[in-house]
Each structure stands twice: as structure tokens, then as C-alpha cells.
Amino acid sequence: MSGVTCSSRGSAPSFHRAIAPSRLCRRGTIHDHGGPRMLETIRRELASAVAAALTAMNVEEAQVFLDVAPRRQLGDLAWAGALPLAKSLRKPPRAIAEDVARRLEEVRAGLAETHPLALLEPGFSIEGAGFLNFRLRRGPTLAHLLLASSSTVTDQGQKREPGFTPGKRGGSPAVARERGSSEGPESPPKKKMIVEHTNINPNKAAHIGHLRNAVLGDTLVRCLRFLGNPVEVQDYIDDTGVQVADVVVGLLYLPEVQLLAAVAPVWPEIEGTPSRARVLDALAVRAGEGTLVKETLGSPDFDDVCWDLYPRVTRWYEQDESALKFRAEVLHAVEGGFPSEMTLNEAIDRLVSPDDGPRTTDHASVSRLAAAVAEANLRCHLVTMGRLGIAYDVLPHESDILHRGFWRRALQLLLGAGAIRKETEGKNAGCWVMSLVDSPEFAGMADADKILVRSNGTVTYTGKDIAYQLWKLGLLRDDGGTLHDFGYRAFDRFAQEGSTAPVRYGFGEGALYRTASDPDERPAGVSFGAAARVYNVIDARQSYPQKVVKEAIRVLGHPEAAENSVHFAYEMVALTPKAVKRLEEAQGLDFGLSEEDLSKPFIEMSGRRGIGVKADALLVTLIGEAERAIAERRGADDNSTPEQRADRARAIAVGALRYQMARQGRNRVLAFDFDEALAFEGDTGPYLQYSAVRAAKIFEKLGAQGLAGSPEVDAEAVAAAAVPDDLWDLVFACARTTEMVEKAVGALEFSLLAGHARDLAQAFHKLYHEHPVLHAEDEGARALRRGVFRVFAATIATILETLLGIPVPAEM
RNA sequence: GCGCCCGUAGCUCAGUUUGGAUAGAGCGUCAGACUCCGGAUCUGAAGGUCGCGCGUUCGAAUCGCGCCGGGCGCACCA
């Protein structure tokens, strides 16, 4: 086996002579960990060596943590542990550090060249109050990184129009290879994880708040996959709630003038005889043709119609309370469902009489219409997210949770555990409530009970979420122990013009599925749920109900699963008053905000009032600005086609948007401002993209002059070279990428990763000016710079495309 | 009232999970950059009682306690 491992990586025989004369290739040598995890390996080995030295000094303390030295002149890695030991050992910290250093030196001297610690420079230094600092052998370390990144630049640095790397089971070739070798055949497979994000009510267009959710969720997915975890992505669809019902109320009952005001500007075919019947008919026709969702960026789509219709309905309720009876009726109808064979056409025929007279209230038909509304909005959302490189594996529908009896089963389990009771008196009389008085988490609450079933017998959101969460964790089981599961069916859209080839949403490799309420409906090989860990990306405003869900899992006897049910909370996206005014001007609207509202630092978005920045609208604006920027900057010297320029503008727009969402800490309210969102200079996505484009450009030019070199050639040239501080700084920072990803995932804080990417780009841009490659003084200098920039190019491409989901265009 | 989050340069924000060496970016302001790999870049300057106080510690932006200011929750909404 060891021979196989060696030969599979041994693409550079000359390098192996220089750095690794030993043919020994057992596990645990640096060659098994030379890629993205190289620095982790060295730190781990060094930590255990320090721990061993301490043991030899009769120190019991076992936890050894190696820091990164604050400035490169001081060293690369640092151990600060001598300082706290000074008291108990009654020795000055510097003396302790010296003792440890001496012992480490002895150990190091006896190591084989292939040992990870052989990459440490001999002669550890002690600085300041007693910091023990370590330096890496720069040339050999850089050489290792070059070989690990081999192929990334040559593959990706070529002329290439922007596109998304498949986020699916992803990673660059280098990453995938490294994963395979670093874990080895014996290491147990990592456990399955589920990330649930997006979760937009399917009753109107997505806005920038939803974008924050989806970008955070998708970034988490990408990072988890990068670290080798199998991840399933879910987008929960609340297709039976009040919000969808309100749009249906709008279509069926809202005074016709209002309905037409929302629909007419978008659907020209109703112009001749504008009426409710024409609107519903047009809806059915479009759905039949497959044109209800048009997917053309920049022109209004069905979700835009709903965006306009929905606030009109809520305003109607405010003006006329009796209209609320329609909402209740539609909700009731939706709950009942409809026969699976019922078509939308049939439903609409029954809902509209030919002369547009009194409408029937056929419940199954209303329910069928609601399903169509939800599905059309959902498809719009999937298209919007696809534009940002965000894809899903499965779409659990709330209607299926209900019809499949998830809640019934969850209720039985809760009853069995004695966690729920039916109130017979007091304000909650007639409700099923979960008592939280015994839970420390809820101590001090005035009313520590949570209603799960209303007095009218319907289940609350929290109740449904408990059932859903149990299913995700594989804990929703029937008495026999078998999983209580959904059915599934494909949710691909189909290409127009008769093709039956599905077109995938987003850029994932696998097909997209939705749930079904018949458990026997199950395409071969399809299975979802039952993960060891679940991340739920949900607004911080829902922290309380999320805690209740977690508590329910705990009291059902699954404390470990409860710990693995993670609420990934983030603060809301609001608008600056300036942004609100700009929206009002652009749309010719008046949101009716008070002076007090406008004096606040930010204003909350409101779908009900129609206050918000739509995701697609922002993307269109960004693309327009990017096109203008390209024209301004490149002018006559750009000989690309309009299509190429459009692609670049799109990549820049996506980069700006995703970076803005990732760079801000999740616990801070994001006050959206147009000027900030449209910035392409400084700490922005395009700044990072430009660094990647610039680096790739160097290799393009080098290639044209026959000076391209290769990772192997550069590795050999660099192994014995003296690497100056500034170049080494960049190399070392690149090597820290995996550490940063682990940190970001551990803290669920992607500002760490965004900041890391910006630091890398900044360092590169500076070096770019100071270290010319093409016009280097001599071949030695050129090879060194080429090697450093090659590592940077591979690293930044991986961070942007694989981790942050930011496409790197060929030109800008 | 109770709970959670935020307070760092004129403005927008990193850094707090795991205390460590001289607290960092961007924007804005001012002054600059080679006939040479793309100026969406780079260099320099000015700009800080890390909200306030007390404590723990060899060491605090980071940990604890108490205040002050702001936001969000505490639904038979989702």
C-alpha cells in the first residue's frame, strides 16, 4: 500500500531526491500531508513534541497550543506556554522556554528527513517575556506547497470565461486528491451532515435578507465539503402557511381593480379584456406552457407579480377586517389538500364560471391553486439562487410533513415521553403545550410553556419544526423502528421545445428532489435525512422557537442529537434610510414612513408592506454597474465579444454580492446601502477577483514567452533558495487556509475566511508591484517569484470558487 | 420585567470562540507611483481613553461582575 501511495504522488522524481531522499513512505510522514493540511500536521507534531518535553520536565500540564507568531520576523509558529508555567515551576519563563527548546532540538536532530518536523529550521529562538518561536525552512516548505497545488494553475489559469465550480462533493483536483491521500483507507468515513437554508416563503420574490441566509448557508456547505464531510442541502418550503394563502386570496377575492393593478403590467395578454377570470386563465395557460416562470433576468417574473400583489392584500385586510374570512377559508382549503391527479386547469375551471359570475369555493381547487402559486414562486427562487451558484439536494414541503403524518408521529413520541399535555383551563385552554419549566434554558421566563397544537386542532410552526427536525436527525421512527420517511420525486425543470432532458437548478451535479406525501413514491437509490449533525440557517429573531425545538429533542431522550442540532443564527438585513428613499424614488412609491423611522440608523424590510430590495433587482443593478466599469476601464483595448463582457459583468456582480454577505460578521445587523453594495474597489469581491485574474495573467504571459515553468520545475528551483520575508509572508499565509476554514466552520463565522482571502489578495497586489516575474533580474529570481505566485493563484482560486462561491472571470 | 445580540479611527467593518508580543482593513481626506507582467492596483501621511467602571491575570479589545447607549425577541405568525 505504501508503494502505491508513493507512486501516485511521485510526479517529481528530481524533487524527491532533493527533499526526500528516503524511499520510506509510511503514514505520518510529511508526504501524506503535504497539501492543504501541511501546516496542521506540523503544528500537531510540534505540539506533541512540546508536550513530551514538558512531561520529561515533570510538568503535568498536557494542553499545548501553538500560535502563529504575530510578525514574521519573530518566526512562524510560537509557543507561549512557558509564561503561565513560571509560577508553578518557580523558574523564569525564558528559562523554561530554553529548557523546552533544548529538548526539542535533541528530538529534532534525530528525525528522518521525511518527518514533518524536519521542515522546522534548527535553532529555536526565545523572544520577549518567554515566547518560544519556530521558523519553517522556507524553500522546502514552498516546494511542498507547489507540488500539492500542481495542476491547479495550469488548468485554471488558462483563458476561461466565468462559471461556477460545481459545489457538489466539490473541490479542485488538488483538493480532492489530497483528501483521498491524507485520510487514508483506514480512517473512518465522516458522518453525514445536513445544512438547511434559504427557506423563503413561496409567496413573493426573494429579497436581500433571504440572500444573506442563502449565501451564509451555501458558504457553510462549501466549507464543510472542502473539509471532507458528506453534506446534504435542504431548502424547506412552507407551502401551506398564511403567506401563500394571502396571495391566493389576492387572486380569488381581492377587489378586481387591485388585482389587475398588480398583474396587468407584467402579463400583456390580459390587456384586451382585463378581468379576474382572464388573470386566472392566463395563469393556467402559462403554467401549462411552462412559461409561468420565465427565468429572464431583468424582466418581471411571477414572483414580482406576487411581490406587488401581496402588500395589496394585507392593506385590504387593514381597511376591511371582514376580508380576513377569505384568508381563513383559503387556509382551511389548503390544509385539506387535493387529489394528486387534479390539474391546475381543472381547478381554475371550477373556480371561475364562464361569465365571471359568482365564484365557487371548491376547496380542493383552491388548494390546487395554492400549490401552483407556491411552486411557481419556488422555481423563481431556485433560479435566483442558481444565478449565485447556490444549489440544493432536496426540497422538503410542509404540506408533505402534514399529509405524511409527521406531526402525528411526533405527537405520539412527545406523549410517550410525557413532554406534552393538553391544557383544560386558563388562557391556553384546549391547546397542546410543551412545558419548559423544568428546563434550565428557560428558567426565569414568565410563561415557560409553548403551544404546539392550537385550540382549533391545527399545528403551530414550532410543532411542525419538531417533527421535521426529528426526521432530519433520523429520530422520527415508527414503533417497529423503521424510519418515518417522505416519498420523493424529481424537481428538475425540463428544457423547452419538447426535450425531456432535465435542466438542473443551480450548478450541482445531482438531480434535485422534492418530497411527496406517498412514501411509496421513491425513485431508485434516493434517500434523504437521518444525519449525524444538522445546521439550520435561520434568522436570530427565531432563536426562541429554535431553542424549543432543541429542547424537545432533548426531552425525547436524545441529548447528543440535541447538541448536534445547530441553530446557525444571523442578524437581519435592514435598509439605511438613504436606501429606502432611493427605493421610493426608483419605484415612484411612498412607503409612508414616519420622521422617526427615517431618523433611525436602519429600517427593517417588510414583505407585507412591500419595503425591500429584491435579490434579482439588485443583481441587475450590479451587472449594469459592472458593465459600465468594464467599459470605462478597458475602453478600446478590450476586443472581447459582448457575450464575454456580459459574462464578466455577471461574475463581478456575483462576486461583489457574495463577498459583501460573507465579509460581515453574522451577529451584526447588516444595514444595506446601495453605495456600499455597488463598490468595486477596496475591500470588495472584485478586488479579490482582480488579484486572481492578475495572477493568472502572469502565467499567460510567461507561457507566451516560453517561460511558464511548472510546479515541479519551480519546486526544484526553490527548494534551496533563500526566500525573502515579504514573499515568505504570502506563502505562509496561503498555507494557513485550511486552518482558517476550520476556524470559520467552528465559529460559523465566515468573515474570518473573507478576511483571510482579502489579506492574501492584498499581499499579492503589493508583491506584484515589487517583484516582477516576466522582467526578473535572473532566472533564479524568476523561478522563486513564479513559485510563490503559483501557490497564491491556486490558493485564491480555491478560496473564491470552491469556498466562497465567487466565480473568477478570465478578464475584468 | 426576562433573554439574546451590538458598541473598536470621521464613516462602514475585521479582530473576541482558544487572553500573548507594536489593535488592523476599506471608504473618505491630503501627498505620491517606474515609457517595463492591466491603475478594479500600489506607496506615504493624518486619524484610537477598543462605550464606562471594577475585578481576575505575569499579561485584557478578548475572561467575570456592574452600569450606560442601541437593536431584536419573549404569539393559538412563520
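About the thresholds
- Residues numbered from 1 in each chain as written.
- Chains lettered and ligands numbered in written order.
- Predicted model: local features only at pLDDT ≥ 70, side-chain atom pairs only at ≥ 80, totals over all residues.
- Heavy atoms only, no water.
- Pairing = 2+ DSSP bridges.
- Helix = DSSP H or I, 4+ residues; strand = E, 2+ residues; numbered from the N terminus.
- Axes fitted to C-alpha atoms, helices over the stretch in contact; angles between N-to-C directions.
- Parallel < 35°, antiparallel > 145°, perpendicular 65-115°, else oblique.
- Contact = heavy atoms within 4.5 Å.
- Nonpolar A, V, L, I, M, F, W, Y, C, P; charged D, E, K, R; others polar.
- Near = heavy atom within 4 Å.
- Polar contact = N/O pair within 3.5 Å; in protein donor to acceptor, adjacent residues only side chain to side chain.
- Buried < 20%, exposed > 50% of the residue type's maximum accessible area, 1.4 Å probe, protein only.

### Observations regarding the pairing of strand β4 (residues 131-134)
- Looking at chain direction, strand β2 (residues 77-79) and β4 are connected through three bridges and run antiparallel. Note on β4: the bridge partner recorded for Ala78 is Asn133.
- One ladder, built from three bridges, connects strand β3 (residues 125-127) with β4; its direction is antiparallel. Note that in β4 the partner of Glu127 across the bridge is Phe131.

### Thoughts on the packing of helix α30 (residues 737-747) against helix α31 (residues 751-770)
- Taken N-terminus to C-terminus, the directions of α30 and α31 make an angle of 155°; their axes are 8 Å apart at the nearest point. As judged from the angle between their axes, α30 and α31 are roughly antiparallel. Across from Thr737, Met740, Val741, Lys743 and Ala744 in α30, the residues of α31 making contact are Leu752, Leu753, His756 and Leu760.
- Partitioning the contact of α30 with α31 into residue classes produces six nonpolar, two polar and one charged.

### Let's talk about the protein's contact with RNA strand B
- Close to RNA strand B lie 69 residues; Asp238, Arg454, Arg633, Tyr690 and Lys743 are nearest.
- In the interface set of RNA strand B, defined as its atoms within 4 Å of the protein, sugar plus phosphate atoms amount to 61%.
- With respect to RNA strand B, the side chain of Arg758 contributes an N or O atom lying 3.3 Å from a sugar or linking oxygen.
- Listing elements by their share of the surface near RNA strand B, those giving two or more residues are α4 (82-89), β4, α20 (543-555), α24 (615-634), α25 (642-663), α27 (685-704), α30 and α31.
- The leading source of residues in the surface near RNA strand B is α31, at eight residues.
- Partitioned by chemical class, the residues of the surface near RNA strand B number 29 nonpolar, 16 polar and 24 charged.

### Description of the pairing of strand β15 (residues 533-539)
- Burial analysis of β15 places six of its seven residues in the buried class, the great majority of the element.
- Two elements, strand β5 (residues 193-196) and β15, share four bridges in a ladder whose sense is parallel. Residue pairing across strands places Val195 opposite Tyr535, the latter belonging to β15.
- As judged from the six bridges shared by β15 and strand β16 (residues 565-570), these two strands associate in the parallel manner. Pairing of Tyr535 across the sheet is with Val566, part of β16.

### With respect to the sheet that holds β4
- Taking strand neighbours across the sheet as the criterion, the four strands line up as β1-β2-β4-β3 in an open arrangement whose pairing is antiparallel. Every interior strand has two partners, whereas the edge strands, β1 (67-68) and β3, have only one.
- With two bridges joining them, β1 and β2 adopt antiparallel strand pairing. The residue bridging Val68 from the neighbouring strand is Leu77, located in β2.

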